[in-house]
Amino acid sequence: MTWGLTSSYYPADTSPALWEMTTGDALRRAADRAGDMCALVEVSPDNAPSLSGAATTDRRWTYRELLADAEACARWLLTRFAPGDHICLWAPNVPEWIIVQYGAALAGLVLVTANPSLRIEELGHVVGHSNAKALIHAAEFRGTDMDAIARAAAPALDRIGIEEVTSAITHYRSGAPLPGVSPHSPAQMQFTSGTTGRPKGALLAHRALVTNAAFVAARIGQSGDTVVTPMPLFHTAGSVLNALGAVTSLSTLVLPVMFDPVLMLRTIEREKATVTSGVPTMLSAMIAEIDRGDYDLSSLRLLYSGGAPVAPELLARVEQRFGCRMMSVYGQTELSPIVCATGYDDTPDDRAGTAGRPLPQVEVRIVRPDTEEPLPLSEQGEIQARGYQTMIAYHDQEAETARTLLANGWLRTGDLGDMDARGYVRVTGRLSDMIIRGGENIYPAEIEAALLRHLSIAEAAVFGVPHPTWGETVAACLRFADGVALPTPDALKDHCRSLLSPQKTPADWFVVKDFPLTASGKVQKFRLSELALEGRLTSL
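The model shown is predicted, which means the values in this text are computed figures rather than measured ones.

All right, on to the overall build of the protein chain then. Check the secondary structure of the protein chain and you find 16 helices and 29 strands. Computed over the C-alpha atoms, the radius of gyration of the protein chain is 23 Å, within 12% of the 24 Å expected from 2.2 N^0.38 for a compact globule of 540 residues. If one aligns the C-alpha atoms of the protein chain with their principal axes, the spans along those axes are about 70 × 55 × 50 Å. Buried residues in the protein chain amount to 59% of all 540 residues.

In structure tokens, the structure reads:
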């Protein structure tokens, strides 16, 4: 689009066509067009890449092989379940996760995804609320006995070890044709991040997931790439942006079983990766390792991040340390998941200061939460989106669905932001995170960006704490870079005063080694506020 906007409303760019296909169709398309191309590579600590050139024992699949395994998996699943049934997948980033994802899609099943770090009550909520008929799970992960948790959380369910998948599907290499599946039918039930409360199960359609993955890949310029990513498959970042993004762009997905900065950097070097991704906390950890070690990252040409706003200072550090262009994506689970993204050719200011422009085929507007009229340009309000990618519903939660997905199709994100005349969106925080001090709205993202300009600060989270006079005051929780001398609160106040108006300067300062995070890498600010009130945060 080339015209200038006159209000904070971006009409849908309908020139790129929607991908009218299912997840399984997307894999069949890739196998037809690039059957002999490497589709999937396993990387685990047991076969960790060796810089000495020693042989490794990782497993690899071409697109033709991956499709054959997925179709066999679908036939196997259909001996146990019927199209439309829900099955829960609870495992780390192993290749069998991808095989089950495509197998379930080809069988017409709805895949319910679960974080492998869940404990008994949390997993019980996921399998119970989702009406899952089975739990496919790993035996253990990072010292956790997942077998024991599965037995306790889902005693009445059909429980299947994910380690059994490879041997089980060997008996189903041929058989009856697979059922037809509509692109509009639900493919996944993804549980929301839980930044403000109990996770809800968002039902997402095949067409929405495939199209969104393809549009993001096109925006960032991914095509025929080698993608090394630590993003978890139970989240849309892993199973959609990375897995489906690779399939729709005919790229190779290299899959570390978990995030470890050394494993990631060695894998990028060995596989000569051209694309990588990660949330800001992961990027900060990899930057610290780059500063300690010796890694050849010269093959990288782009890196993209999401899950939390990327401060300009972090973008500059990433581009300098990784030696490649960095882009950002913005969205949420309920939007399958991406709404806006920066592009490879965007200016450094746009890549650092905005979430980019809306993707094709989606309308975006900025409104006051109590109205539906777009605000004037550059005024802050709630970001809302409407298009092919909105969720079908929150499963079995009609009232919650109606609050989020309006009758006219607009989805309320709960995020605050503004829009310029070109349609570039800037995300300024969450409605729930907004601090109201003495009747004035204060947006944490602006303060966090200012704090990250201090060279000693690696990460910052700003939140409100109750105050008898002001209603709320501003608090900052900081993680400092390794090996630096900690500044005093007075020095940090002076730093903030040089960049911000006085009322935005934090009154309370806390320090942490690690932040409480959601599964998608977002800081749980409500938890920080609780810990501060309980006196369980360390004061600076």
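Within the structure shown, the criterion is met by 30 salt bridges. Among the ionic pairs, Arg-430 bridges to Asp-415, the shortest N-O distance being 2.9 Å. Residue Arg-430 is located in strand 23 (residues 425-430), and its partner Asp-415 is located in strand 22 (residues 411-419); the two are separated by 15 residues in the primary sequence. Since its relative accessible area comes to 24%, Arg-430 is described here as partly exposed. By sharing partners, the salt bridges in this structure join Asp-25, Arg-28 and Glu-71 into a single network.

This part takes up the packing of aromatic side chains. Taken as a whole and judged by the stated rule, the model has three aromatic pairs. An angle of 85° between the planes, with centres 6.1 Å apart, marks the rings of Phe-215 and Tyr-388 as edge-to-face. Of this pair, Phe-215 sits in helix 7 (residues 206-220) while Tyr-388 is found in the loop between strand 20 (381-387) and strand 21 (393-394), placing the two residues 173 residues apart along the sequence. Sitting over the face of the ring of Tyr-424, Arg-422 holds its NZ or CZ atom 4.0 Å from the ring centroid.

Time to look at the environment of Ala-34. Along the chain, Ala-34 falls in helix 1 (residues 23-34). Linking Ala-34 and Arg-64, residues 30 residues apart in sequence, is a C-alpha distance of 7.9 Å. Filtering out sequence-adjacent residues up to four positions away, Ala-34 remains in contact with Tyr-63 and Leu-250.

Within the span of helix 9 (residues 261-271), buried status applies to Pro-261, Leu-263, Met-264, Leu-265, Thr-267, Ile-268 and Glu-271. Sitting at the head of helix 9, Asp-260 places a side-chain oxygen 3.1 Å from the backbone nitrogen of Val-262. Once helix 9 finishes, Lys-272 follows within two positions and takes phi at roughly 50°, a positive value.

Backbone hydrogen bonds are what pair the strands of a sheet, in a parallel or an antiparallel way. Overall, mixed pairing links the seven strands, which are arranged 9-6-4-5-10-11-21 in an open sheet. Pairing within the sheet leaves two strands with one partner each, and these edge strands are strand 9 (158-161) and strand 21. As judged from the five bridges shared by strand 10 (residues 186-191) and strand 11 (residues 201-205), these two strands associate in the antiparallel manner. Counted as the bridge partner of Gln-188 is Leu-204 from strand 11.

What counts and what doesn't
Residues numbered from 1 in each chain as written. Predicted model: local features only at pLDDT ≥ 70, side-chain atom pairs only at ≥ 80, totals over all residues. Heavy atoms only, no water. Helix = DSSP H or I, 4+ residues; strand = E, 2+ residues; numbered from the N terminus. Rg over C-alpha atoms; globule rule 2.2 N^0.38 Å. Buried < 20%, exposed > 50% of the residue type's maximum accessible area, 1.4 Å probe, protein only. Salt bridge = Lys/Arg side-chain N within 4 Å of Asp/Glu carboxyl O. Phe/Tyr/Trp six-rings, centres within 6.5 Å; stacked < 30°, edge-to-face > 60°. Lys NZ or Arg CZ within 6 Å of the ring centre and 35° of its normal. Contact = heavy atoms within 4.5 Å. Polar contact = N/O pair within 3.5 Å; in protein donor to acceptor, adjacent residues only side chain to side chain. Pairing = 2+ DSSP bridges.

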